[in-house]
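A closer look at the structure
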There are 2 protein chains.
Amino acid sequence: MIAHIITIGDEILIGQTLNTNAACIGDQLTNIQISVNKTSVVGDDHDDIMAEFKTCWAKNDLLIVTGGLGPTFDDKTLESIAKALNRKLEVDKEALEMVKEKYQKYARKKRSNNEELAQPRVKMATIPENSMPIRNPLGTAPAVQINLENTVLIALPGVPREMEVIFEQTAAPMLKRASHGSVFCEESIYADDVMESALAPLIDKVMIDNPDVYVKSHPRGAENKPHMEIHFSMTTAEEEKAQEKLHKAVTQLSDMIIKIDGKVFPEQQVSS
Amino acid sequence: MIAHIITIGDEILIGQTLNTNAACIGDQLTNIQISVNKTSVVGDDHDDIMAEFKTCWAKNDLLIVTGGLGPTFDDKTLESIAKALNRKLEVDKEALEMVKEKYQKYARKKRSNNEELAQPRVKMATIPENSMPIRNPLGTAPAVQINLENTVLIALPGVPREMEVIFEQTAAPMLKRASHGSVFCEESIYADDVMESALAPLIDKVMIDNPDVYVKSHPRGAENKPHMEIHFSMTTAEEEKAQEKLHKAVTQLSDMIIKIDGKVFPEQQVSS
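Throughout this document, residue positions are counted from 1 along each chain, in the order its sequence is written. Here the convention is simple: chains get letters from A, ligands get numbers from 1, in the order in which they are written. Given that the model is predicted, a residue must reach a pLDDT of at least 70 before its local features are reported, and side-chain atom pairs must reach 80 or more before they are shown or counted; all residues, however, enter totals for whole chains, interfaces and linings.

A word on the environment of Gln 104 of chain A. Residues and elements named next belong to chain A. Note on conventions: DSSP H or I runs of at least 4 residues are helices, E runs of at least 2 residues are strands, and numbering of each starts at the N terminus. Counting through the fold element by element, Gln 104 comes out in helix 5 (residues 93-110). Exposed residues have 12 or fewer other C-beta atoms within 10 Å of their own C-beta, buried residues have 20 or more, and partly exposed residues fall in between, where C-beta atoms are placed from the backbone. Residue classification places Gln 104 among the exposed residues on the basis of 11 C-beta atoms within 10 Å. The spacing of Gln 104 and Met 195 is 91 residues in sequence and 61 Å in space, taken between C-alpha atoms.

Next comes the structure, spelled out in structure tokens:
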């Protein structure tokens, strides 16, 4: 199963906000063996959202979109997706109930009568025809699922804790069933006193000897004090065998690093 | 000037590493009035890098690519760009000198004779023909600039502190000259006790009355304790007038929020 994550929001493009949503979803999809082959960020612009959606929806089994579901003028995600799919936008009865409930609850807490469903509130229940609203336990705007020809699209709110809880409670269990229960296994070791260029041929050798295991080095230290993270990973249906295979590759590389006078640690060490 | 930032690395896609590079570059480009209209992340895959590069290079004045310049097998950025541009890869004399100097310096510090330019080291000086290497003051792999027809491409290392120093010292001054010295002005206020749906019509009114100012709300609190950041921004050649215009919009919105019993703060308050 191949996925693309689209994050929507000017605040990400201008570097005001870090894209923690894409990282969180990338991590969770990887854990349930769904390959994230690309992520992208576009601003709060109708044409840009439409163009990005049109470019990628047919190429992926799964499209996760975050951001732009709220009540303000610059929340344009569902309007843009509807237009790209040539579907009407309509006030969804179930979504409207979800929004109503939230405002009733909120008004009770504040002991006010402000339950009125003004236009910005109705906007959050206005979704493309033939789509399914998903309850938002922490916020007001429902998430939305749209089943396209060969692609499932899930649009989630941009507020991280709302996005996370909807993803964990609703999207992840559904996707896990669809991805047939394979798992992603990983392990990192850390090496000191070995430069990345010296590591390169050793990693090549380990990958040839262990064809199921993917090995990647990440320089974490300074130039005159090389400190490397080396990340081993594989995707498999048999977790126990995978751990064995990972362990074999880790041991082989560790031995080779020690032979060229490097130091190896199973955990990140704070350099002195 | 319109820019696209491409980040390369499986570790970003799987959520192992946060994409701080795109945020840092987005912030810096915005400060020198270059519009970032999209950012994307692709993995360490030759075809994916090529496809992404081909899709976006002609649409943008500036393309910043980070990651994939190192010595290991999975550093495929320059090879993929060369192929997409139909250019040969060649060992660049100047780049090779840069790499050599680094290893000589490193060998002196370690008092070893390991100055040998083995294949992984030569790889870092192997760049597309007709491109310019840029010195990397903190690491080994040089950055690379390629001037295409109407697009400038700058490929930077993925290690954040190397990327940052090259961007600040070499790329930013060059791009600042090209973008004619306009500036991006911004200001945030924070509001308590106002829901986003109640803010929406107020923001609409402020944007109509202040057409140069862009206003966006970001929910930062919990559902039953609304806490909003409201971000005001504009791009201008006249900084002083811009500050006045921003201030007028901020004051207008603040007054309206106070009228509906909200609280406004100029700085982020830690909620009690």
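Having seen the structure, we can now continue with the description.
Strand pairing requires that DSSP identify at least two bridges connecting the strands. Reading across from one edge, 6(A)-7(A)-8(A)-3(A)-1(A)-2(A)-2(B)-1(B)-3(B)-8(B)-7(B)-6(B) is the order of the 12 strands in this open sheet, with mixed pairing throughout. The strands lining the two open edges of the sheet, one partner per strand, are strand 6 (132-134) of chain A together with strand 6 (132-134) of chain B. Between one strand and the next, the sheet's axes are offset by a mean angle of 15°, whatever the strand orientation. The contact criterion used here is simple: two residues whose C-beta atoms, placed from the backbone, lie within 7 Å are in contact. Axis angles are defined between N-to-C directions and span 0 to 180 degrees, where every axis is a line fitted to C-alpha atoms and, for a helix, only to the segment in contact. Against the sheet, helix 4 (residues 77-85) of chain A touches strand 1 (2-8), strand 3 (62-66), strand 7 (143-147) and strand 8 (152-156) of chain A, its axis set at about 160° to strand 8 of chain A.

Looking now at the domain arrangement of chain A. Where interface size is given, it is often the accessible area lost as the parts come together that is meant. What the domain assignment reports for chain A is domain 1 (2-178) and domain 2 (183-265). Residue ranges for the domains originate in an automatic or database domain assignment. Computed from C-alpha coordinates alone, the two centres of domain 1 of chain A and domain 2 of chain A are separated by 38 Å.

Attention now goes to the relation of the copies chain B and chain A. Each of the two chain copies can be brought onto the other by rotation about an axis and movement along it. Only residues with pLDDT of at least 70 in both copies count here: their C-alpha atoms drive the least-squares fit that superposes the copies. Overlaying chain B on chain A yields an RMSD of 0.0 Å, the required transformation being a rotation through 180° with an accompanying axial translation of 0.0 Å. What we have between these two chains is a two-fold relation. Taking the C-alpha atom as reference, chain B places Ser 40 of chain B closest to the rotation axis, 2.0 Å from it. Looking at the interface residues of chain B, 100% of them are also at the interface in chain A, so both copies use one shared face.

Quick look at the confidence of the model for chain A now. Confidence of the predictor in every single residue is expressed as pLDDT, which spans 0 to 100. When the pLDDT values of chain A are averaged, the result is 90; 94% of them are 70 or greater. The complex model carries a pTM of 0.82, and its ipTM stands at 0.81.

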